[in-house]
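# Summary of structural features
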Amino acid sequence: MSSVADQLNSVLQKTARVIELCNALQEENDLLKQENQAVKGALDNAKTQRAELEEKLRVLKLAKSIEGTSEKTLDIKQKINDFVREIDKCVVLLKK
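Description of the structure in this document. (Residues numbered from 1 in each chain as written. Predicted model: local features only at pLDDT ≥ 70, side-chain atom pairs only at ≥ 80, totals over all residues. Heavy atoms only, no water.)

## Observations regarding the overall build of the protein chain
What counts is decided by this rule: Helix and strand assignments follow DSSP, with helices taken as H or I runs no shorter than four residues and strands as E runs no shorter than two, numbered in order from the N terminus. To get the radius of gyration, use the C-alpha atoms; to get the globule rule, take the number of residues to the power 0.38 and multiply by 2.2 Å. A simple rule labels every residue: compare its accessible area, found with a 1.4 Å probe on the protein chains alone, to the largest value its type can have, and call it buried under 20%, exposed over 50%, or partly exposed in between. A 1.4 Å probe and the Shrake-Rupley method give the accessible areas. Residues count as covered only by the protein chains that appear here. Counting rule applied: Lys, Arg positive; Asp, Glu negative; His and chain ends not counted. Charge placement uses NZ in Lys and CZ in Arg. For Asp and Glu, CG and CD serve respectively.
In terms of helices and strands, the protein chain carries two helices and zero strands. A globule of 96 residues ought to have a C-alpha radius of gyration of about 12 Å, yet the protein chain, at 38 Å, is considerably larger. With 96 residues in all, the protein chain has 0% of them scored as buried. Carbon together with sulfur atoms contributes 61% to the accessible area of the protein chain, which is approximately 9300 Å² in total. The positive charge centre, built from 17 side chains, and the negative charge centre, built from 16, are 12 Å apart in the protein chain.

The following block contains the structure:
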């Protein structure tokens, strides 16, 4: 009879140990979930910051390309004037 009692006692001790391990794993799981949420938040912030920086870079590149020297500006104005003259000539020809 003692043998059955010992076996039952052993099963109860092992069950208690399994419950303790389960609780410990649950706590670890909860901590990992919190850490995961924090990392996701940091990633979202980094993505937002990256998008803002990319937009600033795009604007800076555009500003740099427009900036140019006064020669470029004069060149562009001259080309626009040439195009306008060409268009005017075409309009006159179409009216005939």
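Still to come is the rest of the account.
## A closer look at the pattern of salt bridges
Rule in force here: For this document, the term salt bridge refers to a Lys or Arg side-chain nitrogen within 4 Å of an Asp or Glu carboxyl oxygen.
On inspection of all chains with the given rule, the structure shows four salt bridges. The salt bridge involving Glu-20 is made with Arg-17; its shortest N-O contact spans 3.6 Å. With Glu-20 and Arg-17 both in helix α1 (residues 2–67) and three residues apart, this pair spans about one turn of that helix. Of the charged contacts in the structure, one is a salt bridge between Asp-82 and Arg-85, with a shortest N-O distance of 2.9 Å. Highlighted residues: Asp-82 and Arg-85, both in helix α2 (residues 70–95), separated by three residues, approximately one helical turn. When its relative accessible area of 46% is taken as the criterion, Arg-85 is described as partly exposed.

## Quick notes on a nonpolar patch on the surface
Let me state the cut-off plainly: Think of a patch as exposed residues, more than 30% relative accessible area, with no salt bridge, where like charges cluster within 9 Å and nonpolar side chains (Val, Leu, Ile, Met, Phe, Trp, Tyr) cluster within 5 Å.
Judged by side-chain polarity, Ile-76, Ile-80 and Val-84 come together as a nonpolar surface patch covering roughly 260 Å² of accessible area. Relative to the assigned elements, Ile-80 resides in helix α2.

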